[in-house]
Amino acid sequence: MTDIDWDELRHAATAAMERAYAPYSRFKVGAAALVSDGRIVAGCNIENASYGVTLCAECTMVGELFMTGGGQLVAFVCVDGEGKTLMPCGRCRQLLFEHSIPGMLLETVSGIRTIDEVLPDAFGPRDLEEAAR
């Protein structure tokens, strides 16, 4: 993967955001990512009256990743209801790390960053594999 079409990812994230279910917060979120095989997967937030079981856009996007064949995330964008870039929360950064290639790129409020920059010293699958040895 050499070229990332950030506009295409932003468009996919915006389209996903428009399908968000956010009757409580009215804060719609959309996420999209480029997969290692060239696909684009997307997701939106889905709220619940029991706020703790609300699904973030990143969660539904990872669900689509697996529903459409799996793979690893290469580049990621998240937007709000106005199309502005959002930074994933810590929980979602961990979720993205779990399913990303090393050095996955994210469009952030401060520019393009790697997953390692936005979640330094992350614990993930590689750590568990090493511990099992």
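Refer to the structure above for everything that follows.
Residues numbered from 1 in each chain as written. Predicted model: local features only at pLDDT ≥ 70, side-chain atom pairs only at ≥ 80, totals over all residues. Heavy atoms only, no water.

**Notes on a negative patch on the surface**
Then, in step 1: A grouping of D3, D5, D7 and E8 is seen on the molecular surface, where their side chains present a negatively charged patch.
Then, in step 2: With respect to the helices and strands, E8 occurs in helix 1 (residues 6-17). (Patch = residues over 30% accessible without salt bridge, like charges linked within 9 Å, V, L, I, M, F, W, Y side chains within 5 Å. Areas by Shrake-Rupley, 256 points an atom, 1.4 Å probe, with all protein chains shown as cover. Salt bridge = Lys/Arg side-chain N within 4 Å of Asp/Glu carboxyl O. Lys, Arg positive; Asp, Glu negative; His and termini not counted. Charge placed at Lys NZ, Arg CZ, Asp CG, Glu CD. Helix = DSSP H or I, 4+ residues; strand = E, 2+ residues; numbered from the N terminus.)

**Comments concerning a nonpolar patch on the surface**
Then, in step 1: Together, Y21, Y24, I46, Y51 and L55 line one region of the surface with nonpolar side chains, adding up to about 510 Å² of accessible area.
Then, in step 2: Turning to its location among the elements, Y51 is positioned in the loop between strand 2 (40-44) and helix 2 (57-67).

**Some words on the layout of surface pockets**
Then, in step 1: Considering only enclosed or pocket space, the largest pocket measures out at about 180 Å³ in volume.
Then, in step 2: Lining the largest pocket are 15 residues; nearest its centre among them are F27, V29, C56, A57 and E58.
Then, in step 3: Broken down by class, the residue content of the lining of the largest pocket amounts to 11 nonpolar, 2 polar and 2 charged. (1 Å grid on protein atoms, 1.4 Å probe; cavity = no way out; pocket = protein on both sides within 12 Å on 5 of 7 lines; lining within 4 Å. Points joined across faces, edges and corners; volume = space filled by probe spheres on them. Nonpolar A, V, L, I, M, F, W, Y, C, P; charged D, E, K, R; others polar.)

**Some remarks on the sheet that holds strand 1 (residues 29-35)**
Then, in step 1: Judged by pairing direction, the sheet is mixed, and its 5 strands sit side by side in the order 2-1-3-4-5 without closing on themselves. Each edge of the open sheet is held by one strand with a lone partner, namely strand 2 and strand 5 (111-114). The mean inter-strand angle of the sheet, taken between neighbouring strand axes irrespective of direction, is 20 degrees.
Then, in step 2: In terms of strand pairing, strand 4 (residues 100-108) meets strand 5 through 4 bridges, oriented antiparallel. Of the residues in strand 5, the one forming a bridge with E107 is I112.
Then, in step 3: Across the sheet, helix 1 lies against strand 1, strand 2, strand 3 (73-80), strand 4 and strand 5, angled at about 50 degrees from strand 3, the strand it touches most. (Pairing = 2+ DSSP bridges. Axes fitted to C-alpha atoms, helices over the stretch in contact; angles between N-to-C directions. Contact = heavy atoms within 4.5 Å.)

**Describing the pairing of strand 2**
Then, in step 1: Burial runs high along strand 2: 4 of the 5 residues are buried.
Then, in step 2: Across 5 bridges, strand 1 lies against strand 2 in antiparallel orientation. Within the sheet, the bridge partner assigned to A31 lies in strand 2 and is G43.
Then, in step 3: The loop that links strand 1 with its antiparallel partner strand 2 comprises 4 residues; one of these, G38, has a positive phi angle of about 100 degrees. (Buried < 20%, exposed > 50% of the residue type's maximum accessible area, 1.4 Å probe, protein only.)

Just distances and angles here, no functional claims.
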